[in-house]
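Tertiary structure, described
This is what each chain is made of:
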Amino acid sequence: RDCKMERIVKANDREYNEKFQYVDNRIHTSKYSILTFLPINLFEQFQRVANAYFLCLLILQLIPEISSLTWFTTIVPLVLVITMTAVKDATDDYFRHKSDNQVNNRQSEVLIDSKLQNEKWMNVKVGDIIKLENNQFVAADLLLLSSSEPHGLCYVETAELDGETNLKVRHALSVTSELGADINRLARFDGIVVCEAPNNKLDKFMGILSWKDSKHSLNNEKIILRGCILRNTSWCFGMVIFAGPDTKLMQNSGKTKFKRTSIDRLMNALVLWIFGFLICLGIILAIGNSIWESQIGDQFRTFLFWNEGEKSSVFSGFLTFWSYIIILNTVVPISLYVSVEVIRLGHSYFINWDRKMYYSRKATPAEARTTTLNEELGQIEYIFSDKTGTLTQNIMTFKRCSINGRIYGKRHSCFLLTKKEPVDFSVKSQVDREFQFFDHNLMESIKMGDPKVHEFLRVLALCHTVMSEENSAGELIYQVQSPDEGALVTAARNFGFIFKSRTPETITIEELGTLVTYQLLAFLDFNNTRKRMSVIVRNPEGQIKLYSKGADTILFEKLHPSNEVLLSLTSDHLSEFAGEGLRTLAIAYRDLDDKYFKEWHKMLEDANAATEERDERIAGLYEEIERDLMLLGATAVEDKLQEGVIETVASLSLANIKIWVLTGDKQETAINIGYACNMLTDDMNDVFVIAGNNAVEVREELR
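For every chain, the first residue of its written sequence is number 1, and the numbers climb from 1 along that sequence. Only residues with pLDDT of at least 70 get local features here, since the model is predicted, and only at 80 or more are side-chain atom pairs given and counted; chain-wide, interface and lining totals rely on the full set of residues. The side-chain values count all of the structure's non-hydrogen atoms but skip hydrogen atoms and water molecules.

Under the convention used in this document: UniProt positions are given in the numbering used here, feature names are shortened, and annotations may be inferred rather than shown by experiment.
If you check an unreviewed UniProt entry, the chain appears there as Phospholipid-transporting ATPase from Rhinopithecus roxellana. Under the UniProt heading Subcellular location (unreviewed entry), the note attached to the chain is "Membrane". Recorded in UniProt for the chain, the comment headed Catalytic activity (unreviewed entry) runs: "ATP + H2O + phospholipidSide 1 = ADP + phosphate + phospholipidSide 2."

**What to know about the UniProt feature "binding site: ATP" (unreviewed entry) in the chain**
To be explicit about the condition: In DSSP terms, a helix is any run of H or I states spanning at least four residues, a strand is any run of E spanning at least two, and both are numbered starting from the N terminus. Contacts are assigned to residue pairs with any non-hydrogen atoms lying within 4.5 Å of each other.
The positions UniProt marks with the feature "binding site: ATP" (unreviewed entry) are Asp386, Lys387, Thr388, Glu485, Phe526, Lys549, Arg583, Thr663, Gly664 and Asp665. Sequence-wise these annotated residues cover 280 residues; spatially they are dispersed, their C-alpha atoms as much as 23.7 Å apart. Locating aspartate 386 in the fold gives a position in strand S14 (residues 382-386). In contact with aspartate 386, not counting residues within four places along its chain, are Leu391, Val661 and Leu662. Counting through the fold element by element, threonine 388 comes out in the loop between S14 and strand S15 (392-403). Once you skip the residues sitting within four places of it in the chain, threonine 388 turns out to touch Asn394, Met396, Arg583 and Asp639.

**Brief notes about the sheet that holds strand S7 (residues 167-171)**
Going by this rule: Pairing between two strands requires that DSSP report at least two bridges joining them. An axis is simply a line fitted to the C-alpha atoms; with a helix, the fit covers only the stretch in contact. Between two such axes, the angle follows the N-to-C directions and lies from 0 to 180 degrees.
With antiparallel pairing, 3 strands are arranged side by side in an open sheet as S7-S6-S12. Strands at the two margins of the open sheet, each flanked by one partner only, are S7 and strand S12 (229-231). Ignoring strand direction, the axes of neighbouring strands in this sheet form an average angle of 45°. Strand direction decides the pairing type here: strand S6 (residues 153-157) and S7, joined by 5 bridges, are antiparallel. Bridged to glutamate 157 within S7 is leucine 167.

**Some thoughts on the domain arrangement of the chain**
Convention followed: The split into domains, and so the bounds of each, comes from an automatic or database assignment of domains. Joining two parts hides part of their accessible area as seen by a 1.4 Å probe, and the buried area is that hidden amount summed over both. Put simply, a salt bridge is a Lys or Arg side-chain nitrogen that is within 4 Å of an Asp or Glu carboxyl oxygen. Polar contact criterion, stated in full: a pair of N or O atoms within 3.5 Å, where within protein one must be able to donate a hydrogen and the other to accept it, and residues adjacent in sequence count only if both atoms are side-chain atoms. Polar here means any residue other than Ala, Val, Leu, Ile, Met, Phe, Trp, Tyr, Cys and Pro, which are nonpolar, and Asp, Glu, Lys and Arg, which are charged; Gly is therefore polar.
Taken domain by domain, the chain comprises domain 1 (7-14 + 124-252), domain 2 (337-379) and domain 3 (392-641). Here the C-alpha centre of domain 3 lies 31 Å away from the C-alpha centre of domain 1. The interface is formed by 15 residues belonging to domain 1 together with 13 residues belonging to domain 3. Together, the buried faces of domain 1 and domain 3 total about 1,200 Å²; carbon and sulfur atoms form 52% of this surface. At the junction of domain 1 with domain 3, the criterion picks out 1 salt bridge. Here lysine 204 makes a salt bridge to aspartate 615, at a shortest N to O gap of 3.7 Å. Summed over the shared surface of domain 1 and domain 3, the number is 2 residue pairs in polar contact (both at pLDDT 80 or more). Take the side of domain 1 that touches domain 3: its biggest share by element is 3 residues, from S7. Per-class residue counts for the side of domain 1 that touches domain 3 are 8 nonpolar, 5 polar and 2 charged.

Okay, structure coming up:
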């Protein structure tokens, strides 16, 4: 079978897996080894024009006919320069080796011969079963088998992979989660996984586990990647699918390239010009020598009684040319390279010592990780920035909402003029103390039992991926995958619709003091193309409901034609929210009948079991059921700017740096945030909106 197309791994069977010659779990990010250091480093150094020039010079000086200076006048500075650079490169690489060794020698518990044994990471093999404990790094790409949490759930932090600090949930297949922590049963586990070949896609995984005569489809939710950290889970067991260089983390890290700065390139160009100047000088002097030899040299020889045979004046000029090249070698500034290296080294210490780049809250100074690229920092012309979490704090607060055509929540400006009292939630035992909402009408609508308001809050409490747990004081704590979801679930909780717990089959919420358990029939997850998520639940009365939330542009296309009046009202409200820089989502629902849902669910199960075009088929089925929705309203969440963003953007603009910010917000929100953080200013004559969808349209609009 072709290993480039797919991978076959058998659990607890090293012999079986060895015949596929999978790599082990050792990694190396260093550039050189002891044997390759000299040849590779010298090759890189002689790519510098000055070094190559001095090497040629040295060779010329070894030819006695033209040597006008002894060879050690060249070899000493050349060896000095090369040695200094080599020592610096070797030091950089030594630290890479050190960090590799530290990672390769980390310990993990591996199941060998029915016993858990401590094993170095580098000795872990594909197919091994590993035990992970809370706050441990994940050693390789694992298939999650079981965990300490109910229903085989576990939480991982993926900051090393994608920079996101919020926790992600992974869940084991129910057939393997029954293995629990029973070492004997885990040691007898002999499932075979057939999956995709190693690749660098962090958000995709396709495979099938065959065990006990049945097949189970695997997706990204069942996989924990190397580089993640296990959080809030006391232990879990996983089977190694990809190890070492095959892991997704390593597949994403490119080869260490030899980087050149613009000053390096400039110096190379200058040296070439100087070298050209030197050649011209040599040619002029050589021609002069030839003329002198042919006209005066003859008499001079006679005068010296120098009767070696006639010497050609042209050949004499040729030899003199090379002699002059050697004599005038000081024109070429080899020491320039050394000076620049020393300056760079000094600069990197200045960066490390810089008081203004010291972050006192976490006692973190700036750190220059490489000494070869420092001066590029002063020549930055463009900055490309993300918005959420970079310009903003990624801490979301629920500010306003529109339910059934009515706005709840006051505008920003209202707070300043009148000191309004926030709604008092303290009567409820399970509220979030930090949540504030400045409009009492919403509480009144809830108390009066407005069915649309109740349904709206019910969607917020049911349609999400939040996990709940109780801390030692008995308070409800939410583990959120995205801060937006956290803000909406917390808002629903404070208005009396409290999300309590979930299992893979049910979601339990407390509605105004009454516990209600909904049967979770299907979960239609969010992704960047769908831009929406939905849950299908059966309520205690037996009705099947689809609850959906997502980007208004997408959801509004899926609405039933009867929503037209409400749609135009809600659209106006959304534009108002977006104009205040708030992040908006639309909320909708649909009633489903039993027969239709059963047929649809059967098709979904078939699509999940398919190996061909699985994703496309599932997406098609999601599209089909998420239509004819009834609009409930919209939410608006605020994400505050980071401290110092405004000043920073202003300073960067003063330095004439062009800044681009990427955002997935609505256009009005984006423009508002642009003004809020000084990206857009009132001095700008016109703010362009380019709405073209292809290169030709955009070019026309720009023109």
